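Overview (structure and organization)
Spelled out, the chains give:
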Amino acid sequence: MLTDYHLHLRPDEVGEAAEYFTQENVDRYLAAAEEQGIEELGVSEHIYRFEEALELWRHPYWLDQAVDELGAYCEFVRTTPLRLGVEMDLIRGAEDRIASLLESHDFDYVVGSVHYLGEKGAVDDRRYDAWESFSDADSLWQEYFEWQAELVRSGLFDIVSHPDLIKIWGEDRPAPERDPRFHYEPFAQALAESEIAVEVSTAGLRKPVREIYPARALAEMCLEAGAEFALSSDAHAPDQVGFGYDNALEFFRDLGVQRICVFEGRQRRLEPIGRTGLDPEELEDRGAEA
Ligand SMILES: [Zn+2]
Ligand SMILES: [Zn+2]
């Protein structure tokens, strides 16, 4: 089985919910998935697109973005074959409010994300750039992975998304001087004590870093910590569904990972990795050809 759980029906910054939460739009995502042998599709819209997010944080970007209704979104997704998820940011100090918000809807899974290091800014948005709050790459990387570790330990989430999003800018920003594995360590330790799945996201291939999240060395540390993986593209449009999945399959094969997480009603199970309609031997052949 292949999954694409971290999908956005709504592109960033654009349009009205009514334009994107439609059967027609969902059909485009489903068709793209079927073409690629992706069996399980789920949507995880950003929490900050919803009015309810302002009970958690009143960041200027959120004040601008939070216009949709979470209940209406959930109801709509339940009229489609998509799994129902949400991409929830970790907001320090709002953990109890996050928990009760998540409990009040019947999500299949919750994707947990660190985009913002609180008031220190965003790691993936130049308008609120966290790099301006830190004197060097090492202190920023250290703080980012402390946030990731905290996200894991919070127990609020089923999947930790784009686990090394901090590398998004690639060579546009300085690399840490320390071995990145030093920075990964607190995150890996938290994983060892948690049931959360680690997202393998092909979105990094579309970003300046041009690399899957997580880096190979980080993925190895996740494995050593006993973590299981979830697979997603973080698509914001139908033509991004399953983007770069051949690379992801190769990534899993190189790591020796054979199963991925599948979610329903916030319960997870493991399924063998493979495109629908292809038997494992065929996949082996494809691997050998690649
Ligand atoms: Zn994200
Ligand atoms: Zn996302």
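Report on the accompanying structure. Residue positions are counted from 1 within each chain, in the order its sequence is given. By the order in which they are written, chains take letters starting at A while ligands take numbers starting at 1. Restriction of local features to residues with pLDDT of at least 70 applies here, the model being predicted, together with a cutoff of 80 or more for giving and counting side-chain atom pairs; totals for whole chains, interfaces and linings are based on all residues. Computation of side-chain values covers all heavy atoms of the structure but excludes hydrogens and water.

**Notes on the overall build of the chain**
Numbering of helices and strands runs from the N terminus, with a helix taken as a DSSP run of H or I at least four residues long and a strand as a DSSP run of E at least two residues long. Looking only at helices and strands, the chain has ten helices and nine strands in total. With the radius of gyration taken over C-alpha atoms, the globule rule is written as 2.2 Å times the number of residues to the power 0.38. Relative to a compact globule of 290 residues, whose C-alpha radius of gyration would be 19 Å, the chain shows 18 Å and is just as compact. In terms of overall dimensions, the chain has a C-alpha envelope of 50 × 45 × 35 Å along the principal axes. Note on classification: 1.4 Å probe, protein chains only; a residue is buried when its accessible area is under 20% of the maximum for its type, exposed when over 50%, partly exposed between these limits. Evaluated residue by residue, the chain yields a buried proportion of 57% over its 290 residues.

**Looking at the coordination of the zinc ion (ligand 2)**
Each metal's donors are the N, O and S atoms found within 2.8 Å of it, except that Na, K and Ca use a 3.2 Å limit; water is left out, so coordination can look incomplete. Bound to the zinc ion (ligand 2) on the protein side are His6 (NE2), His8 (NE2), Glu87 (OE) and Asp234 (OD), at distances that span 2.1 to 2.4 Å. In this structure, the zinc ion (ligand 2) is coordinated by four donor atoms arranged in irregular fashion, with angles at the metal of 81 to 162°. In this structure the zinc ion (ligand 1) is found 3.4 Å away from the zinc ion (ligand 2), and Glu87 serves as a bridging donor for the pair. Placement of His8 in the loop between strand E1 (3–4) and helix H1 (17–20) and of Glu87 in strand E3 (residues 83–89) is noted, with a sequence separation of 79 residues between them. Working rule for geometry: tetrahedral if four donors all subtend angles between 85 and 135 degrees; square planar for four, octahedral for six, if opposite donors exceed 155 degrees and the others stay between 65 and 115; irregular in every other situation.

**A word on the coordination of the zinc ion (ligand 1)**
Within the protein, the atoms that donate to the zinc ion (ligand 1) are Glu87 (OE), His115 (NE2) and His162 (NE2), at distances of 2.1 to 2.2 Å. According to the relative accessible area criterion, His115 is buried, its value standing at 4%.

**Thoughts on the environment of Val110**
Turning to its location among the elements, Val110 is positioned in strand E4 (residues 109–113). Overall, the relative accessible area of 0% leaves Val110 in the buried class. In this structure, the C-alpha to C-alpha distance between Val110 and Gln23, residues 87 residues apart in sequence, is 23 Å. Val110 has contacts with Val86, Met88, Leu102, Leu156, Phe157, Asp158, Ile159 and Arg266, leaving out every residue within four places of it along the chain. The contact criterion used is simple: two residues touch if any of their non-hydrogen atoms lie within 4.5 Å.

**Observations concerning the sheet that holds E3**
The parallel open sheet is built from seven strands, whose spatial order is E1-E2-E3-E4-E5-E6-E7. Each edge of the open sheet carries a strand with a single partner, namely E1 and strand E7 (229–232). The pairing criterion for strands is at least two bridges between them, as found by DSSP. When strand E6 (residues 197–201) meets E7, the two strands line up parallel, connected through four bridges. Paired with Glu199 across the strands is Ala230, a residue of E7.

**As for helix H2 (residues 23–35)**
Given a rise of 1.5 Å per residue, 13 residues ought to cover 18 Å, and the 18 Å separating the end C-alpha atoms of H2 matches this to within 8%. Buried residues of H2: Asn25, Val26, Tyr29, Ala32 and Ala33, and no others. Angularly, the buried residues of H2 cover 120° about the axis, an arc narrow enough to put them on a single face. Among the exposed residues of H2, those oriented more than 90 degrees off its buried face are Glu24, Glu34 and Glu35. Helix span, as expected, comes to 1.5 Å for every residue beyond the first. Within this analysis, the arc is defined by the directions that extend from the helix axis to the C-beta atoms.

**Concerning the pairing of strand E9 (residues 267–272)**
The sheet contact formed by strand E8 (residues 259–264) and E9 spans six bridges and is antiparallel. If you follow Cys261 over to E9, its bridge partner there is Leu270. In sequence, E8 turns back onto E9 through a hairpin of two residues, with Gly265 there showing a positive phi of about 55°.

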